[in-house]
Amino acid sequence: MTHSVKNEQMDSPWRIFLLFLRLGLTSFGGPAAHLGYFHDEFVNRRRWVSDAAYGEVVALCQLLPGPASSQVGLTLGYLRGHYRGAAAAWLGFTLPSAVIMACFAAGLNYWPDVAAGGWITGLKLFVVAVVAQAVWQMGKSLCPDGPRLSIAILVAIALLTLGAAWMQVLALVVAGAVGAVLKLPSRAATDALTVPVKSRKPMVFAFVFLGLLVWSFVPQPPEGLGWIGAELYRAGALVFGGGHVVLPWLQEGFVASGVMSADTFLAGYGVAQAMPGPLFTFSAFLGAIEGSWSGAATAVLAVFLPGTLLVFAGLPLWSWVRTHDSVRAALAGVNAGVVGLLLAALYDPVWTSAIHSVSGMALVLLMWMCLAVWRVPVWLLAPASALAGQLLL
């Protein structure tokens, strides 16, 4: 395997932290925008890695469960500063939005009457537009043909009629099996592996990941730190497709179980859209609502941990996965199933808990047009939607 890091000199964790902290404070726009910021900063400007190496890192992280942009960031930190560099990169990129989301949750806990305001309604309607746009974009890229579109729709039907946490897992497993059987087309990797692998412990990381995943399914006392950690770890371990897809997994654990109201859940999700950095810091809001600051810290660590373990386990295996047609076909099926998963969540709980009037539907259409046609940034639309809800609804 070839080595493409331009400069062998390692950076200090503190310097890596400061670089990613600046990105964590300014990286608006979601995962696709984050990858663009990283490319500009670490490929074009600083020459930490080559274009080819960066492309390999992105390809690996997009195939793994978890938040792809955060995984790319911590991988870049690892390549520049080993495990301490990875930790510094993750912390810098995640900390700003996580702290803001925890503070927002603390505000709702101190002033619960605020959650009954019209601005919450506006945020919920904004979430409808955001998730609809995510389904639209992911559907175009991940379901470009009849078989994959059929998988997505059948998964959505199954989840809407038989919705449960175990059903979500089963649906993605079946989608992957169908993809392998149908030999769904997927883009083959053509370049040599360019990511240097320094870890000799991939199996340790894989076993830790699997062990914690099994633990996350063990019943926990409700609303305690163990329960928060289990719910968030399970969500982070099973999310394919990026930040928006975490919504149905977390909804099942926090809303369908009766622990949290749909209004509070969707209000937090709406605010998370306006934050820089990774959307997975929505977990800080959920943890803080249920367990204050310790709950927020537990939730953030739990939801990001599985993706981190999989990156360190997957780097050495990437050269094998990328050359096997059956594996890529199965992953194409899983990605199509993810679209169906998000489509089901668009209806329940997002649509059913937000749209109750013609004016609400009109605001959703306006917000969707702003996102899809006019390309208005989400960090502007979120407060605008909250204000519209307060004034008009």
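Please refer to the structure higher up on the page.
Residues numbered from 1 in each chain as written. Predicted model: local features only at pLDDT ≥ 70, side-chain atom pairs only at ≥ 80, totals over all residues. Heavy atoms only, no water.

A. Seen up close, the overall build of the protein chain. If you tally the helices and strands in the protein chain, you get 16 helices and 0 strands. In the protein chain, which comprises 393 residues, the proportion classed as buried is 56%. For the protein chain, restricting intrachain contacts to residue pairs at least 6 apart in sequence, the fraction spanning at least 24 positions comes to 77%. Of the roughly 16700 Å² that the protein chain leaves accessible, carbon and sulfur atoms contribute 68%. (Helix = DSSP H or I, 4+ residues; strand = E, 2+ residues; numbered from the N terminus. Buried < 20%, exposed > 50% of the residue type's maximum accessible area, 1.4 Å probe, protein only. Contact = heavy atoms within 4.5 Å. Areas by Shrake-Rupley, 256 points an atom, 1.4 Å probe, with all protein chains shown as cover.)

B. Inspection of the pattern of salt bridges at higher detail. Under the definition given, this model contains 9 salt bridges. Between Asp 11 and Arg 15 there is a salt bridge, with the nearest N and O atoms lying 2.8 Å from each other. In this structure, a network of salt bridges that share partners links the residues Arg 22, Glu 41, Arg 45 and Arg 46. (Salt bridge = Lys/Arg side-chain N within 4 Å of Asp/Glu carboxyl O.)

C. Quick look at the packing of aromatic side chains. This structure, assessed with the given rule, holds 22 aromatic pairs. When the centroid spacing of 5.6 Å and the interplanar angle of 25° are considered together, the rings of Trp 14 and Phe 17 count as stacked. Linking Trp 14 with Phe 17, this pair stays in helix 1 (residues 13-26), spanning 3 residues, or about one helical turn. Note on Phe 17: relative accessible area 13%, which makes it buried. If you follow Arg 234 out to its NZ or CZ, it ends over the ring of Phe 217, 5.1 Å from the centre. (Phe/Tyr/Trp six-rings, centres within 6.5 Å; stacked < 30°, edge-to-face > 60°. Lys NZ or Arg CZ within 6 Å of the ring centre and 35° of its normal.)

D. Geometry of the layout of surface pockets. Quantified by volume, the second largest pocket comes out at close to 670 Å³. Across the lining of the second largest pocket, the residue classes break down as 25 nonpolar, 2 polar and no charged. (1 Å grid on protein atoms, 1.4 Å probe; cavity = no way out; pocket = protein on both sides within 12 Å on 5 of 7 lines; lining within 4 Å. Points joined across faces, edges and corners; volume = space filled by probe spheres on them. Nonpolar A, V, L, I, M, F, W, Y, C, P; charged D, E, K, R; others polar.)

E. Summary view of the packing of helix 10 (residues 246-254) against helix 14 (residues 325-354). Orientation of helix 10 relative to helix 14, taken along the N-to-C sense of each, is 45°, at an axis distance of 8 Å. In terms of their interaxial angle, helix 10 and helix 14 are classed as oblique. Classified by chirality, the crossing of helix 14 by helix 10 is left-handed. For the pair helix 10 and helix 14, contact is made by Leu 247, Pro 248, Trp 249 and Gln 251 and by Leu 341, Leu 342, Ala 345, Pro 349 and Val 350, respectively. Residue composition of the contact of helix 10 with helix 14, by class: 8 nonpolar, 1 polar and no charged. (Axes fitted to C-alpha atoms, helices over the stretch in contact; angles between N-to-C directions. Parallel < 35°, antiparallel > 145°, perpendicular 65-115°, else oblique. Left-handed = near helix turned anticlockwise from the far one by under 90°.)

F. Representation of the packing of helix 4 (residues 68-110) against helix 11 (residues 262-273) within the structure. Relative to each other, helix 4 and helix 11 sit at 145°, their axes nearing to 11 Å. The handedness of the crossing between helix 4 and helix 11 is right-handed. Residues Met 101, Phe 104 and Leu 108 of helix 4 pack against Thr 264, Ala 267, Gly 268, Val 271 and Ala 272 of helix 11. Per-class residue counts for the contact of helix 4 with helix 11 are 6 nonpolar, 2 polar and no charged.

G. Broad picture of empty space enclosed by the protein. Following the criterion strictly, the structure yields 1 cavity of 30 Å³ or more and no others. By volume, the largest cavity amounts to about 60 Å³. Pro 31, Pro 67, Ser 69, Gly 243 and Leu 279 are, among the 10 residues lining the largest cavity, the residues nearest its centre. Broken down by class, the residue content of the lining of the largest cavity amounts to 6 nonpolar, 4 polar and no charged.

H. Structural context of unusual backbone geometry. Between Asp 348 and Pro 349 the backbone carries a cis peptide bond, its omega angle lying at 20°. The residue Pro 349 is located in helix 14 in this model. At His 82, a position not held by glycine, the phi torsion is positive, near 60°. With a phi close to 55°, Lys 183 is a non-glycine residue in the positive phi region. Mapped onto the fold, Lys 183 is located in the loop between helix 7 (165-182) and helix 8 (202-216).

I. Structural view of helix 12 (residues 282-314). Between its first and last C-alpha, helix 12 extends only 26 Å over 33 residues, short of the 48 Å set by a 1.5 Å rise per residue. Where helix 12 bends most, at Gly 291, the angle is about 145°. (Expected span 1.5 Å × (residues − 1). Bend = angle between axes of the 7 residues up to and from the residue.)

J. Just helix 4, in detail. Counted at 1.5 Å a residue, the expected span for helix 4 with its 43 residues is 63 Å, but the 34 Å between its end C-alpha atoms falls short. At Gly 81, helix 4 is deflected by roughly 145°, the largest bend along its length.

K. Quick look at the nonpolar core. Within the largest apolar cluster, 131 residues are counted, with the highest numbers of intra-cluster contacts made by Phe 20 and Phe 265. A total of 17 residues in this core trace back to one element, the largest contributor, which is helix 12. (Core = buried A, V, L, I, M, F, W, Y, C linked by side-chain atoms within 4.5 Å.)

L. Representation of the side chain of Gln 71 within the structure. Counting through the fold element by element, Gln 71 comes out in helix 4. Beyond its immediate sequence surroundings of up to four residues, Gln 71 is in contact with Cys 61, Leu 64, Pro 65, Gly 66, Gly 307 and Val 311.

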